[in-house]
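One letter stands for each residue in the lines below.
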Amino acid sequence: MKTLLAILVIAAVAVTATAGNNPQVYAYISFDPAGDEAQNAVMPAVYTTVDAYLCLGCVEGGMTVISFGLNNVMADCPGVMGTQAFVNLLPGGLMIGDPFDGVGATIAATECMTMDPVIVGYGTYFYLGGACCIEIVDHAQYPRGVVDCQDPGVADFYCLAGHGSVGGAECPQGEVCPCGNPVEDATWGGIKALYR
């Protein structure tokens, strides 16, 4: 049964990203279990566990499959993290691959995920001290693929809104995503100037 489901997952991800129902979907790291985008940095106590949640926003058409990778903090930040593991939070528990191995993982849900944000899963790390970035990286074969809930599912590409900073690390900037990223404060004069 798992083999059949795995074949269906790969077939769904292999569909070209043309007319999916999630054209503005974006991915980001949050240190909040509810997926708050503003919680993208953490200053943990030494010798504690850090959970970094992989989240999807602007999931208008629901989602069933995602392909992604996470940087290998054990290699990228030696001495900062003692362990790393990924926990899949989507129903069904089907994950092909390893997010940390340089190829990436593909995760499928057994039902349509319609909440916004979708909390895909979390990387759990044992913090030893220092600074490090937890980064979302492209899957080697299916970069940034998210399959919606159509039958058959259609893939879109997610925009990368942001990474996670541990211990004050300066991390690469995310992209400006059409549906994501918090709105900046503006003055009334600045808003009026946009319409002149």
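Refer to the preceding data block for the structure.
Residues numbered from 1 in each chain as written. Predicted model: local features only at pLDDT ≥ 70, side-chain atom pairs only at ≥ 80, totals over all residues. Heavy atoms only, no water.

1. So, the state of the cysteines
Phase 1 of the analysis: Counted under the stated rule, the structure contains five disulfides.
Phase 2 of the analysis: Disulfide partner of Cys-58: Cys-179, at an S-S distance of 2.1 Å. Of note, the bridge from Cys-58 to Cys-179 carries an S-S torsion of about 85° and is right-handed in sense. Placement of Cys-58 in the loop between strand E3 (48–57) and strand E4 (63–70) and of Cys-179 in the loop between strand E14 (164–166) and helix H3 (188–194) is noted, with a sequence separation of 121 residues between them.
Phase 3 of the analysis: On the basis of relative accessibility, which here comes to 34%, the residue Cys-179 falls in the partly exposed class.
Phase 4 of the analysis: When the cysteines of the protein chain that form disulfides are numbered from the N-terminus onward, they connect as 1-10, 2-4, 3-6, 5-8, 7-9. (Disulfide = S-S within 2.5 Å. Helix = DSSP H or I, 4+ residues; strand = E, 2+ residues; numbered from the N terminus. Buried < 20%, exposed > 50% of the residue type's maximum accessible area, 1.4 Å probe, protein only.)

2. A closer look at the packing of aromatic side chains
Phase 1 of the analysis: Within this structure, the stated rule accounts for five aromatic pairs.
Phase 2 of the analysis: Ring centres of Phe-68 and Phe-86 lie 5.4 Å apart, and the angle between their planes is 50°; on these two criteria the pair is classed as tilted. Linking Phe-68 in strand E4 with Phe-86 in strand E5 (residues 81–88), this pair joins segments that are 18 residues apart in sequence. For the pair formed by Phe-68 and Phe-86, the shared burial category is buried. (Phe/Tyr/Trp six-rings, centres within 6.5 Å; stacked < 30°, edge-to-face > 60°.)

3. With respect to the pattern of salt bridges
Phase 1 of the analysis: Throughout the structure, instances matching the rule amount to two salt bridges.
Phase 2 of the analysis: A salt bridge links Arg-144 to Asp-138, with the shortest nitrogen-to-oxygen separation between them at 2.9 Å.
Phase 3 of the analysis: Residue classification places Arg-144 among the buried positions, given a relative accessible area of 18%.
Phase 4 of the analysis: A single network of salt bridges, built from pairs that share partners, joins Asp-138, Arg-144 and Glu-175. (Salt bridge = Lys/Arg side-chain N within 4 Å of Asp/Glu carboxyl O.)

4. Some details on a nonpolar patch on the surface
Phase 1 of the analysis: A cluster of nonpolar residues, Val-46, Tyr-47 and Leu-128, forms a patch on the protein surface that exposes about 290 Å² of accessible area.
Phase 2 of the analysis: As for its placement among the helices and strands, Leu-128 is situated in the loop between strand E8 (118–127) and strand E9 (132–134).
Phase 3 of the analysis: Relative accessible area serves as the criterion here: at 31%, Leu-128 is assigned to the partly exposed category. (Patch = residues over 30% accessible without salt bridge, like charges linked within 9 Å, V, L, I, M, F, W, Y side chains within 5 Å. Areas by Shrake-Rupley, 256 points an atom, 1.4 Å probe, with all protein chains shown as cover.)

Everything listed here is a matter of coordinates, which is why it stays silent on function.
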